[in-house]
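One-letter residues, chain by chain:
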Amino acid sequence: MASLMRGWVTGFFTYETTKSVVVKSWSVGIINRVVQLLIITYFVGWVFIHEKAYQVTDTGVESSVMTKVKGFGKYNDLVMDVADYIYPPQGTDVFCIMTRIIITENQFRGRCPEARKDFQCSTDADCHKHLGSVRANGIITGACIDISESKGRCEIEAWCPAENDKVKNTPMANVENFTIFIKNSIRFPLFNVTRGNFLSMSEKQIKTCTYHPELNPFCPIFRVGDVLSYTNHTVDGLAEQGGEIGINIEWKCNLDRNIENCVPRYSFTRMDATFTSSPSKGYNFRFAKYFKTENGTEFRTLHKAYAIRFDVMVTGNAGKFSTIPTLINLVAAFTSIGLGTVLCDIILLNFLKGADQYKAKKFEEVSDAQIEASITPSPDSQSSLKPGMKSSYDSGALSLCTSD
């Protein structure tokens, strides 16, 4: 037991130091330099130049968006302006352009037959199957009402008459010529940098320009037909059932350069593309306008609107040189270069001829007795070296020749 404890203590209080062994091998030398070159290329090209790892980055962009739509359309021979077809009217980052509306007028609270064909019935028992249904336009009472000599419909308690949303009508015309004005201001709080999407444009330029990704990439006015064409869709394709379009404003700012180079980039996508063949195809919503009769009875006009919904999204980040991330990544780069040495050691110790010789020269144990004996060098210490090996008193390096 004592010997085990002594061996453990002796092993614990030992010191390991590196020993340089020069291996004159073309294959190992080439592998070493290639690995080092790849590591240096990765850190210089990808980490420092592409990813800008020498910068501190602020991704918490603060953003404010205001939108405004202009244009006149015609629907059912009636002229429609912004107050008629935009919902909601606040001008926020999410708004809808209504393209088709189904109107159910003069609805009063009461009981009436359901309008949907799914609720046809012959007896009350047929309606009991639908009790609690959420697909009806009201609460199913369980009674079957005759609406003709051969047909019956389940009775509902709701706003009557019930809405019939299967009505076919022509979508609003001239939607593609409507324009969307987007006002966007952003701030990077880490650097206290504020920017706006107008840049240095004059008031006259803003009023007369139209966005184009190449000819006019910073104009804040977008034609609806152009926005849809950038997503490979048309107004005719979306007006019937509606759809959702995303307008992304991306700010990528390198604050080591002139602040004028911090500019927005616009991109467009259809957000509901994955739902085009499902029951949730398109986009629609309902809203009502309420009135009262002379005796105070409330009634309403119900609107089911199919619309093109626009979501304005703002993303971005800003970066600026900082000493700390630069030093951290430099240390990581220099440390990673040592991977070449690790790979070459694996090859030398396991795959090349003379691996035992290399292993014997790379790993050497030195006891206290050997250290004391080495203080007084023997006259024939140089002659004890094997042929093909060289020793230097200055560097402590050992040169070893191997054949590939």
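Each chain has its residues counted from 1, following the order in which its sequence is written. The predicted origin of the model limits local features to residues at a pLDDT of at least 70 and limits the giving and counting of side-chain atom pairs to 80 or more, whereas totals for whole chains, interfaces and linings rest on all residues. In computing side-chain properties, one takes all heavy atoms of the structure into account and sets aside hydrogens as well as water.

### Quick notes on the side chain of Asp311
Under the DSSP-based scheme used, a helix requires at least four consecutive residues in state H or I and a strand at least two consecutive residues in state E, with every element numbered from the N terminus. Take Asp311: it is sitting in strand 16 (residues 298-321). Under the scheme applied here, a residue whose accessible area is under 20% of the maximum for its type counts as buried, over 50% as exposed, and between as partly exposed, the area being computed with a 1.4 Å probe on protein chains only. Given the relative accessible area of 12%, Asp311 is considered buried. Residues adjacent in sequence count toward polar contacts only when both atoms are side-chain atoms; beyond that, a polar contact is any pair of N or O atoms within 3.5 Å, and within protein one must be able to donate a hydrogen and the other to accept it. A distance of 3.1 Å separates the side chain of Asp311 from the side chain of Arg309, its partner in a polar contact. Not counting residues up to four positions away in its chain, the partners in contact with Asp311 are Asp93, Val94, Ile245, Gly246 and Ile247. By definition in these notes, contact holds between two residues if any of their heavy atoms fall within 4.5 Å.

### Overview of the environment of Thr92
Within the secondary structure, Thr92 is located in the loop between strand 6 (86-87) and strand 7 (94-113). Residue Thr92 is classed as partly exposed on the basis of its relative accessible area of 32%. Along the sequence, Thr92 and Ser64 sit 28 residues apart, while their C-alpha atoms lie 9.1 Å from each other. Aside from chain neighbours lying at most four places away, what touches Thr92 is Val65 and Thr67. Among the polar contacts listed, one links the side chain of Thr92 to the backbone oxygen of Val94, at a separation of 3.0 Å.

### Quick notes on the side chain of Glu163
Secondary-structure assignment places Glu163 in the loop between strand 9 (152-160) and strand 10 (179-188). Judged by relative accessible area, which is 3%, Glu163 ranks as buried. One polar contact links Glu163 to Arg286, side chain to side chain, over a distance of 2.8 Å. In this structure, Glu163 is in contact with Thr104, Gln107, Ala115, Asn137, Arg286, Leu302 and Lys304, ignoring residues within four places of it in sequence.

### So, the nonpolar core
Here the nonpolar core consists of buried residues drawn from Ala, Val, Leu, Ile, Met, Phe, Trp, Tyr and Cys, with membership extended through side-chain atoms lying within 4.5 Å. Of all hydrophobic cores here, the largest spans 53 residues; its most connected members are Tyr85, Ile97, Val224 and Phe310. Among the elements that make up this core, the one with the highest residue count is strand 16 (seven residues). Those residues within four positions of Ile97 in sequence are excluded, and the remaining contacts are Val69, Tyr85, Ile86, Val175, Phe178, Val224, Tyr306, Ala307, Ile308 and Phe310. In this structure, Cys121, Cys127, Cys144 and Cys154 belong to the second largest nonpolar core, which totals 12 residues.

### Structural notes on the confidence of the model for the protein
Of the residues in the protein, 88% have a pLDDT of 70 or more, and the chain-wide mean is 85. Values of pLDDT, which run from 0 to 100, indicate the predictor's confidence residue by residue. Across the protein, element-level confidence peaks in strand 12 (residues 221-223) with a mean pLDDT of 96 and bottoms out in strand 17 (residues 389-391) with 46. Segment residues 382-400: pLDDT under 50, and 30 contacts once partners within four positions in sequence are set aside and those in other chains are kept.

### Describing the packing of helix 8 (residues 323-337) against helix 9 (residues 339-350)
The contact between helix 8 and helix 9 brings their axes to 4 Å, and the two run at 15°. In terms of their interaxial angle, helix 8 and helix 9 are classed as roughly parallel. Residue-level contacts link Thr335, Ser336 and Ile337 of helix 8 to Leu339, Gly340 and Thr341 of helix 9. Classification convention: Asp, Glu, Lys, Arg as charged; Ala, Val, Leu, Ile, Met, Phe, Trp, Tyr, Cys, Pro as nonpolar; all other residues, Gly among them, as polar. Among the residues forming the contact of helix 8 with helix 9, the class breakdown is two nonpolar, four polar and no charged. Structural elements are reduced to axes, namely lines fitted to C-alpha atoms, with helices fitted over the stretch in contact, and the angle between N-to-C directions of any two is expressed from 0 to 180 degrees. Here roughly perpendicular refers to angles of 65 to 115 degrees, roughly parallel to angles under 35, roughly antiparallel to angles over 145, and oblique to all remaining angles.

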